[in-house]
Amino acid sequence: MVSMHPQGERITLATAKPFIAGGILLAIGLLAIDGEGVGGWLQAASPQSAEGCEKIVQSTAQLSREQLAQLLVVPERDPKENVRKIVAEPYCSLSQLQVRSGVVSEREAYPMAWDPTVQLVILYENDEYAGYRFRFQ
């Protein structure tokens, strides 16, 4: 992806990545500072459910802000073991799916400690980290 800056300079995705990562870390830091205010509001949300889970692995598993920040900098195709060093065991495993032709993908869900209705779903292909997405219940 390439866009033009008003002064004619090219901005590529590669040059924008450090700014995006910095913005994410800043947002996480601001949430950590105002954790009580936001946390109290979020605790009023409904509790997590096992909807979509194929198997509950660890019912008390939750992902902290620090773990999320560490996970966001893990490069794709890193071994699954490197991700597990950060996040440990998941709350549940979701059904396998086929994202790319001929490759079966595993998915694991981790509820956020500050809002259990939001889950981080991690995707693995051939025991390699393939990405993540957020799931809102």
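That block above? That's the structure.
Residues numbered from 1 in each chain as written. Predicted model: local features only at pLDDT ≥ 70, side-chain atom pairs only at ≥ 80, totals over all residues. Heavy atoms only, no water.

**A look at the packing of aromatic side chains**
Phase 1 of the analysis: One pass over the structure, following the stated rule, counts 1 aromatic pair.
Phase 2 of the analysis: Ring geometry for Y132 and F134: centres 5.9 Å apart, planes at 80°, overall edge-to-face.
Phase 3 of the analysis: When its relative accessible area of 37% is taken as the criterion, Y132 is described as partly exposed.
Phase 4 of the analysis: Directly above the ring of Y124 sits K80, whose terminal nitrogen or CZ lies 4.9 Å from the centroid. (Phe/Tyr/Trp six-rings, centres within 6.5 Å; stacked < 30°, edge-to-face > 60°. Buried < 20%, exposed > 50% of the residue type's maximum accessible area, 1.4 Å probe, protein only. Lys NZ or Arg CZ within 6 Å of the ring centre and 35° of its normal.)

**With respect to the side chain of E108**
Phase 1 of the analysis: Within the secondary structure layout, E108 lies in strand β5 (residues 103-112).
Phase 2 of the analysis: Residue class for E108 comes out buried when judged on its relative accessible area of 6%.
Phase 3 of the analysis: Within the local environment of E108, its side chain forms a polar contact with the side chain of R84, the two groups lying 2.3 Å apart.
Phase 4 of the analysis: Here the side chain of E108 touches Y110 through a polar contact of 3.1 Å, side chain to side chain. (Helix = DSSP H or I, 4+ residues; strand = E, 2+ residues; numbered from the N terminus. Polar contact = N/O pair within 3.5 Å; in protein donor to acceptor, adjacent residues only side chain to side chain.)

**Digging into unusual backbone geometry**
Phase 1 of the analysis: Here the phi dihedral of R77 falls at roughly 75°; this positive angle occurs in a residue that is not glycine.
Phase 2 of the analysis: Position of R77 among the secondary structure elements: in the loop between α3 (65-71) and α4 (80-87).
Phase 3 of the analysis: A positive phi angle, near 60°, is found at A88, a position not held by glycine.
Phase 4 of the analysis: You can see A88 is positioned in the loop between α4 and β4 (92-100).

**Some details on the environment of V57**
Phase 1 of the analysis: Summarising the element assignment, V57 is placed in the loop between β3 (53-56) and α3.
Phase 2 of the analysis: Owing to a relative accessible area of 35%, V57 belongs among the partly exposed residues under this scheme.
Phase 3 of the analysis: Through-space distance from the C-alpha of V57 to that of E108 is 9.4 Å; in sequence the pair is 51 residues apart.
Phase 4 of the analysis: Dropping the residues within four chain positions of it, V57 is found in contact with E89, P90, Y91, C92 and S93. (Contact = heavy atoms within 4.5 Å.)

**With respect to the sheet that holds β3**
Phase 1 of the analysis: Strand order across the open sheet formed by 5 strands is β3-β4-β5-β6-β7, with antiparallel pairing between neighbours. With one partner strand each, in any of the chains shown, β3 and β7 (128-136) form the two edges of the open sheet. Averaged over all pairs of adjacent strands, the angle between their axes in this sheet comes to 30°, without regard to strand direction.
Phase 2 of the analysis: Note: strand β6 (residues 115-125) against β7, 8 bridges, orientation antiparallel. Within β7, the residue paired with I122 across the bridge is Y132. (Pairing = 2+ DSSP bridges. Axes fitted to C-alpha atoms, helices over the stretch in contact; angles between N-to-C directions.)

**Here's the deal with the pattern of salt bridges**
Pairs can form between side chains of opposite charge whenever their charged atoms are close.
Phase 1 of the analysis: Counted by the stated rule, this structure contains 5 salt bridges.
Phase 2 of the analysis: Taking the shortest distance from any N to any O, the salt bridge between E125 and R77 comes out at 2.8 Å. Taken together, the residues E125 in strand β6 and R77 in the loop between α3 and α4 connect sequence positions 48 residues apart.
Phase 3 of the analysis: Residue E108 pairs with K80 through a salt bridge whose shortest N-O separation is 3.9 Å. Of this pair, E108 sits in strand β5 while K80 is found in helix α4, placing the two residues 28 residues apart along the sequence.
Phase 4 of the analysis: A relative accessible area of 12% places K80 in the buried class.
Phase 5 of the analysis: Counted as one network, the salt bridges with shared partners bring together K80, R84, E106 and E108. (Salt bridge = Lys/Arg side-chain N within 4 Å of Asp/Glu carboxyl O.)

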